[in-house]
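Structure assessment
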Amino acid sequence: MRWLTLTHGVRGFAARAESLRQIAGIGAESVPLNLDQTPAMIDLDGQVVYYAVPPAPVGDRDLRLERLLEHIVGRPRRFVYLSTTGVYGNRDGGAVDEDTPPAPQTERAVRRLAAETSLREWADSHAVSWCILRVPGIYGPGRLPVERLRRGEPAIDPREAMPGNRIHVEDLVTVCVAAGAAAAADGRIYNVTDGTEDSLTAYLGRVARLGNLPPPPLISLSDARETLGALAWSFLSESRRVDNRRMLAELGIRLAFDDLDAGIRSSL
């Protein structure tokens, strides 16, 4: 949508019919694309490409991305890959920046790091500009944990809760546009966060307070390990403080929502 408002032509690729309808609904060209199958060749010559498709939930590679790269015709102007801060692994609340060596500990983060490597190798061998955005949890309209709070799902006791990182969807879009357009972004990796470090417990508390919702019941870390599902625990078991100074300085980003309360209010 942001590129459309800048009077650029936009194509959106998706596998699901609903996603294709949403793409067409904002005025972009919608193109069916299922990367779990061998796709037709795709002409991306001179285009800025944004890739936000998650890897399939198996293996240690991103075969979806690899299939796309093998079927690109022409030379994209830039290929922007949306990765995850999960590639840094658990740092027990320690600080990481883009120079911190990745140390993924979950299978999904291993696949994301493999995707980063695949893109860089392909782009360098084809003389294509690339940029990698490492993104934490995204919040915004329709992306708040309102139903979780209504269901009364527990949160970790604040005395044991570890710092977290997130970004408002509007600020993420701003960074995406800059990553596709700025000369400085060529061959660079950026952490995309709002600079806040609220734990998930503190974040849930903010949403509850601002949304007039019941606060979550609190449980200990050990109880959470025993009662939560494997996927939920895999997120809670990792913690890091993600530095965003490179993004702010090199891309000239002015965040609209570097205040969590303001971001949550705008999303309710």
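Description of the structure in this document. (Residues numbered from 1 in each chain as written. Predicted model: local features only at pLDDT ≥ 70, side-chain atom pairs only at ≥ 80, totals over all residues. Heavy atoms only, no water.)

This part covers the overall build of the protein chain. Helix and strand content of the protein chain: 11 helices and 14 strands. Each principal axis of the C-alpha atoms in the protein chain carries an extent, and together these give about 55 × 40 × 35 Å. Contacts in the protein chain between residues far apart in sequence, at least 24 positions, make up 78% of those at least 6 positions apart. Carbon and sulfur atoms form 51% of the exposed surface of the protein chain, whose accessible area is close to 13500 Å². In the protein chain, the 32 positive side-chain charges and the 35 negative ones have mean positions that sit 2 Å from each other. (Helix = DSSP H or I, 4+ residues; strand = E, 2+ residues; numbered from the N terminus. Contact = heavy atoms within 4.5 Å. Areas by Shrake-Rupley, 256 points an atom, 1.4 Å probe, with all protein chains shown as cover. Lys, Arg positive; Asp, Glu negative; His and termini not counted. Charge placed at Lys NZ, Arg CZ, Asp CG, Glu CD.)

Attention shifts here to the packing of aromatic side chains. Counted under the stated rule, the structure contains 4 aromatic pairs. A centroid spacing of 5.9 Å and a plane angle of 25 degrees characterise the contact between Tyr51 and Tyr81, whose relative ring orientation is stacked. Taken as a pair, Tyr51 in strand β4 (residues 48-51) and Tyr81 in strand β6 (residues 78-84) lie far apart in primary sequence, 30 residues in all. Aromatic pair Tyr139 and Tyr203: ring centres 6.0 Å apart, planes at 70 degrees, arrangement edge-to-face. Pair noted here: Tyr139 is in strand β9 (residues 137-139) and Tyr203 is in helix α7 (residues 200-210), with a separation of 64 residues, a long-range link. Of the two residues examined, Tyr139 and Tyr203, each falls in the buried class. One aromatic cluster is present, formed by Tyr51, Phe79, Tyr81 and Trp122 through successive ring pairs. (Phe/Tyr/Trp six-rings, centres within 6.5 Å; stacked < 30°, edge-to-face > 60°. Buried < 20%, exposed > 50% of the residue type's maximum accessible area, 1.4 Å probe, protein only.)

This part covers the nonpolar core. Among the nonpolar cores identified, the biggest contains 20 residues, and Leu65, Leu68, Phe79, Leu119 and Trp122 are the most heavily contacted of them. Once you skip the residues sitting within four places of it in the chain, Leu68 turns out to touch Leu33, Leu35, Ile42, Tyr51 and Phe79. Counting 18 residues, the second largest nonpolar core, distinct from the first, contains Val135, Leu172, Val175 and Tyr190. (Core = buried A, V, L, I, M, F, W, Y, C linked by side-chain atoms within 4.5 Å.)

What follows covers the state of the cysteines. Simply put, disulfide is the name for a covalent bond between the sulfur atoms of two cysteines. Summed over all chains, the structure comprises 0 disulfides. As a non-bridged cysteine, Cys131 has Cys176 as the owner of its nearest cysteine sulfur, 9.0 Å distant. (Disulfide = S-S within 2.5 Å.)

Turning our attention to the side chain of Asp198. Along the chain, Asp198 falls in the loop between β12 (188-191) and α7. Separated by 2.5 Å, the side chains of Asp198 and Arg206 make a polar contact. In this structure, Asp198 is in contact with Pro163, Gly164, Arg166, Tyr203, Arg206 and Leu260, ignoring residues within four places of it in sequence. (Polar contact = N/O pair within 3.5 Å; in protein donor to acceptor, adjacent residues only side chain to side chain.)

Backbone geometry places Ala127, a non-glycine residue, at a positive phi of 55 degrees. With respect to the helices and strands, Ala127 occurs in the loop between α4 (107-125) and β8 (130-135). A relative accessible area of 47% means that Ala127 is categorised as partly exposed. Unusually for a residue other than glycine, Asn212 sits at a positive phi of about 55 degrees. Residue position: Asn212 is located in the loop between α7 and β13 (218-219). Since its relative accessible area comes to 72%, Asn212 is described here as exposed.

Time to look at helix α6 (residues 169-181). For α6, built from 13 residues, the straight-helix expectation of 18 Å at 1.5 Å per residue is met to within 8% by its first-to-last C-alpha distance of 19 Å. By the burial criterion, the buried members of α6 are Asp171, Leu172, Val175, Cys176, Val177, Ala178, Ala179 and Gly180. (Expected span 1.5 Å × (residues − 1).)

Attention now moves to the side chain of Ser267. On the secondary structure map, Ser267 appears in helix α11 (residues 260-267). What makes Ser267 buried here is its relative accessible area of 9%. Residues within four places of Ser267 in sequence aside, it is in contact with Tyr139, Gly140, Pro141, Gly142, Leu144 and His168.

Helix length check: α4 (19 residues) gives 27 Å between terminal C-alpha atoms against 27 Å at 1.5 Å per residue, within 8%. By the burial criterion, the buried members of α4 are Ala109, Arg111, Arg112, Ala114, Ala115, Glu116, Ser118, Leu119, Trp122 and Ala123. Looking at the buried positions of α4, the neighbouring elements they touch are α3 (63-70), β5 (72-73), β6 and β8. Looking one or two places after α4, you find Ala127, whose phi comes out positive at around 55 degrees.

Time to look at the sheet that holds β8. One open sheet accounts for 4 strands, arranged β4-β6-β8-β12; its pairing is parallel. Pairing within the sheet leaves two strands with one partner each, and these edge strands are β4 and β12. Mean inter-strand twist for the sheet, computed between neighbouring axes without regard to direction, equals 20 degrees. Relative to β8, β6 is paired through 6 bridges, and the arrangement is parallel. (Pairing = 2+ DSSP bridges. Axes fitted to C-alpha atoms, helices over the stretch in contact; angles between N-to-C directions.)

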